[in-house]
Amino acid sequence: MNIHEYQAKQIFAKYDVPTPKGLMAESVEQAVENAKVLGGPVWVVKAQIHAGGRGLGGGVKLARSIEEVEKLSREILGMTLITHQTGPEGKLVQKLYIEEGADIKDELYLGVVLDRAREMPVIMASTEGGMAIEDVAHDNPEKIIKVAVDPAIGFQGFHGRELVFGLGITNPDEQKKFISFASKLYKLYIENDAEMIEINPLVKTGNGDFLALDGKMGFDDSALGRHPDIEAMRDISEEDADEREATQYGLSYISLDGEIGCMVNGAGLAMGTMDTINYMGGTPANFLDVGGKANAETVAKGFEIILKNPKVKAIFVNIFGGIVRCDRIANGILEATKLVDVHVPVIVRLDGTNAPEAAEILRNANIANVIAATDLADGAAKAVAAAKQAK
Amino acid sequence: MSILVNKETKVIVQGFTGKEGSFHAEQCMAYGTKIVGGVTPNKGGTEHLGQPVFNTVKEAVASTGATVSMIFVPPAFVSDAVMEAADAGIELAVIITEGAPVRDMQAAKAYALKHSMKTIGPNCPGIITAEECKIGIMPGMIFKKGNVGLISKSGTLTYEGANQVCREGFGISTAVGIGGDPIIGLSYKQLLPMFEADPETHAIVMIGEIGGDLEIQAAAYIKEHITKPVVAFIAGQTAPKGKRMGHAGAIVSGGAGTAAEKMAALDAAGVKVVVSPADIGKAVAEVLAKR
Ligand SMILES: Nc1ncnc2c1ncn2[C@@H]1O[C@H](COP(=O)(O)OP(=O)(O)O)[C@@H](O)[C@H]1O
Ligand SMILES: [Mg+2]
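Note on numbering: residues in each chain are counted from 1, in written sequence order. Here every chain gets a letter starting at A, and every ligand a number starting at 1, in the order they are written. The model is predicted, so local features are restricted to residues of pLDDT at least 70 and side-chain atom pairs to those at 80 or more, both for listing and for counting; the totals for chains, interfaces and linings are taken over all residues. Side-chain figures throughout are based on the complete set of non-hydrogen atoms in the structure, without hydrogens or water.

Residues and elements named next belong to chain A. For helix α2 (residues 28-38), the full list of buried residues reads Val28, Ala31, Val32, Asn34, Ala35 and Leu38. Mapping the buried residues of α2 onto a view down its axis gives an arc of 160 degrees, with all of them on the same face. What points out from α2, more than 90 degrees from its buried face, is the exposed set Glu29, Lys36 and Val37. Elements that come into contact with the buried residues of α2 comprise β2 (22-25), β3 (43-47), α4 (66-76) and β7 (96-100). Relative accessible area decides the class of each residue, using a 1.4 Å probe on protein chains only: under 20% of the type maximum gives buried, over 50% gives exposed, and in between gives partly exposed. Secondary structure is summarised from DSSP: a helix means a run of H or I of at least four residues, a strand means a run of E of at least two, and numbering begins at the N terminus for each. Working definition: the arc comes from the directions between the helix axis and the C-beta atoms, pointing outward to the latter. In this description, contact between two residues means that some pair of their heavy atoms is separated by no more than 4.5 Å.

In structure tokens:
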């Protein structure tokens, strides 16, 4: 789960990680009110969406008067912000963060993520703040310092020294401030079961203080149960409505831009099915993992969600029944076609436990647009052919 | 022969009397697995599925001589269960539970390593030595005995792969579902040498996914140390960047861990890489015919 910048900064504040003062606003009036409370002379009006690159997209703007705060808030609130992380459709700005303007001397980068190879969190820092870290990683990988911290020992002095010497911070007072900043950030990463934290930029001000100007945080979904305060920060409007609806039914759905709807059990086989469709010259319209419980209700829901996408010309149901028996799934599919108006051809491949019985059930039902397939290759080929024919 | 488990292996179940634990323990027993008991705190001294229940893993190990534990406890208790198993001298813990917090698994795995306990999973179908011992939730009947070892991050692709291998007239020695979470136990790199050393295994199928770099590490290892033919498939070639595909691990961002990168590395290591999982069986037949 991801949260907004203003929420990340609330967590930072709890851990004494320095940030500029700021207040969230949901209306232009509130934005103006916030600006007055903060006092001037410079404010920054920042769009709150779950994506980075807001500055370049026109969602972060400097104001030098209350009138300007009002004008910019009116512009940004309600706009559809397109950045390199939102996709071409962009994201609607529903909240603003009004923040005091900082006196920026240097822009750095600081982040914490899990290093899967070393199986521990790694602190990443760079002098190249303010730009996309992916680009730095690609063009100047040596400019990113990585310090892995074993949670069994926690953040030690040497971790801090590796960071400041790596960044070329030589002033002892600044070294102390930066190390304190990084150690608090590590602490809040661990204590909140964060998946990633990114501060880009982390700035050094004219007086040699370090401030988090930006804040992005993502959390381990599996650990949210023990963090009700963070779960409460969930902003439903930032999540894809179809994906969210699917989750409520135990389905995992992601829309793509092809023509063949997919309904599969298991994430690996679901991806493998998409790959096979692609390999055979078709295009997958979605990823859909029905998980372990493929019954009439979930299958019907799956059809419904897939068919919301008008581009879908055929559906490929690919289930490898293990513990779930195929005959039950076949009945579920028949049941589902009664619950939902499935107006495109449905290619069904059921393999595993009781597969012959399942094939028999589908054959006997003899529904016009339900086509049985013998295996993965056969099913994918039939789905690709059906989608081509529908054009 | 086979790897890690066989018909002699004595297994206990942590979370034995729960709904999932019971259901799957029974299926494993029906397959022939020697389930010699289970652990459920406060139910010690009772019997379940004809086997003794203990309050602690230590008691269970002392009384049954079990060396392997199959873990079905709820997500929040997984790390506790894994550490208890390690502390009690269990040699291999097979963690089936889905949804354990990453931080917990990090700590549990570090502790397991300290006690030289191997782990498989979490969030995986388990391990099966065909027609001998099934420890997990896979449909046993699709695994016919044979000479192909299988390692997979994905559960259903394990079944798909095994099924194709068997339909081509071959069979499986041992299949291991390693799971796709960010932190997992045994991975390709640890399992490949076991299959290399197993005389019963003649070829290895490796099924990977986008995200992380375990397959890249495996490719480097294969190049140096594996003489047996390897067939590989990497799921997620068509997955969009930055999107999470069900498994916590299956996410690509910033260009690292793409299917293309992994496929290229495996190909360069002499592995037969298939583009579609539908070709796994055929590819196995091909590499075995060449031997
Ligand atoms: N409080 C602030 N004071 C001064 N400049 C700021 C402030 N907040 C952001 N900026 C400037 O705007 C840029 C973009 O803002 P940021 O919060 O990083 O959003 P994003 O990463 O989404 O573009 C920053 O790199 C910084 O130069
Ligand atoms: Mg930024």
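A word on the pattern of salt bridges. All names here are of chain A. The working definition used for a salt bridge is a side-chain nitrogen of Lys or Arg within 4 Å of a carboxyl oxygen of Asp or Glu. On inspection of all chains with the given rule, the structure shows 43 salt bridges over all chains. Residue Asp173 pairs with Lys177 through a salt bridge whose shortest N-O separation is 3.4 Å. Pair noted here: Asp173 and Lys177 are both in helix α7 (residues 172-191), with a separation of four residues, about one helical turn. The exposure class of Asp173 is partly exposed, given its relative accessible area of 43%. Judged by its relative accessible area of 28%, Lys177 is partly exposed. Salt bridges sharing common partners tie together Glu5, Lys9, Lys46, Arg54, Glu99, Asp214 and Lys216.

This paragraph deals with the coordination of the magnesium ion (ligand 2). Residue and element names in this part refer to chain A. Coordinating donors are taken to be N, O and S atoms lying within 2.8 Å of the metal, or within 3.2 Å when the metal is Na, K or Ca; because water is excluded from the atom set, some sites may appear incomplete. At this site the magnesium ion (ligand 2) is bound by Asn200 (O) and Asp214 (OD), with donor distances of 2.0 to 2.2 Å. Of this pair, Asn200 sits in strand β11 (residues 194-205) while Asp214 sits in the loop between β12 (210-212) and β13 (216-219), and the two are 14 residues apart along the sequence. According to the relative accessible area criterion, Asn200 is buried, its value standing at 15%. With relative accessibility at 10%, the residue Asp214 sits in the buried group.

Glancing now at the pairing of strand β12 (residues 203-209) of chain B. Residue and element names in this part refer to chain B. Extensive coverage of β12 is indicated by the burial of seven of its seven residues. Along β12, one buried face is formed by Ala203, Val205, Ile207 and Glu209 and the opposite face, lined by Ile204, Met206 and Gly208, is buried too. Strands are treated as partners if at least two bridges between them are detected by DSSP. As paired strands, strand β10 (residues 145-152) and β12 are joined by five bridges and run parallel to one another. What sits directly across from Ser152, in β12, is Ile207. In terms of strand pairing, β12 meets strand β13 (residues 230-235) through six bridges, oriented parallel. For Ile207, the partnering residue across the bridge sits in β13 and is Phe233. We call a crossover right-handed when, viewed with the strands running away from us, the connection from the first strand over the helix to the second turns clockwise. Assessed by its sense of winding, the connection that carries the chain from β12 through helix α7 (residues 214-225) to β13 is right-handed.

Further remarks concern the sheet that holds strand β4 (residues 60-63) of chain A. Residue and element names in this part refer to chain A. With antiparallel pairing, four strands are arranged side by side in an open sheet as β2-β7-β3-β4. Either end of the sheet is taken by a strand with one partner, and the two such strands are β2 and β4. Sheet twist, expressed as the mean angle between neighbouring strand axes with direction ignored, is 20 degrees. Alignment of β2 against β7, held across four bridges, turns out to be antiparallel. Bridge pairing links Gly22 to Glu99 in β7. Note on geometry: axes are C-alpha line fits, over the in-contact stretch for helices, and angles between N-to-C directions span 0 to 180 degrees.

Residues and elements named next belong to chain A. Following both chains from N to C, one finds helix α6 (residues 157-167) and α7 inclined at 125 degrees, their axes separated by 9 Å at the closest point. Comparing the axis directions of α6 and α7 gives the class oblique. Once α6 is placed against α7, the crossing between them reads as right-handed. In contact with Gly160, Arg161, Leu163, Val164, Phe165 and Leu167 of α6, α7 contributes Gln175, Phe178, Ile179 and Ala182. Taken together, the residues that form the contact of α6 with α7 break down as seven nonpolar, two polar and one charged. Roughly parallel refers to an angle under 35 degrees, roughly antiparallel to one over 145, roughly perpendicular to one between 65 and 115, and oblique to any angle outside these ranges. Left-handed describes a crossing in which the near helix is turned anticlockwise from the far one by less than a right angle; the clockwise case is right-handed. Note on residue categories: nonpolar means Ala, Val, Leu, Ile, Met, Phe, Trp, Tyr, Cys or Pro, charged means Asp, Glu, Lys or Arg, and polar means any other residue, Gly included.

Bringing the packing of helix α10 (residues 267-279) of chain A against helix α14 (residues 376-389) of chain A into the picture now. All names here are of chain A. Contact pair α10 / α14: the axes reach a minimum separation of 9 Å and the direction vectors enclose 55 degrees. Between α10 and α14, the interaxial angle falls into the category oblique. Crossing angle aside, the handedness with which α10 passes α14 is right-handed. Contact residues: Thr273, Thr276 and Ile277 in α10; Leu376, Ala380 and Val384 in α14.

In this section: the domain arrangement of chain B. Residue and element names in this part refer to chain B. The start and end points of each domain follow an automatic or database-based domain assignment. By the assigned domains, chain B splits into domain 1 (10-120) and domain 2 (126-290). Just the C-alpha atoms count here: the centres of domain 1 and domain 2 sit 26 Å apart. At the boundary of domain 1 with domain 2, total buried surface from both sides reaches about 1,600 Å², with 73% on carbon and sulfur atoms. Viewed at the interface, domain 2 and domain 1 are joined by zero salt bridges. Side-chain atoms alone can form a polar contact between residues adjacent in sequence; in general such a contact is a pair of N or O atoms within 3.5 Å, and within protein one must be able to donate a hydrogen while the other accepts it. Where domain 1 touches domain 2, the interface holds four residue pairs in polar contact (both at pLDDT 80 or more). Note on terms: buried area is the combined drop in 1.4 Å-probe accessible area of two parts once they are placed together, counting the loss on both.

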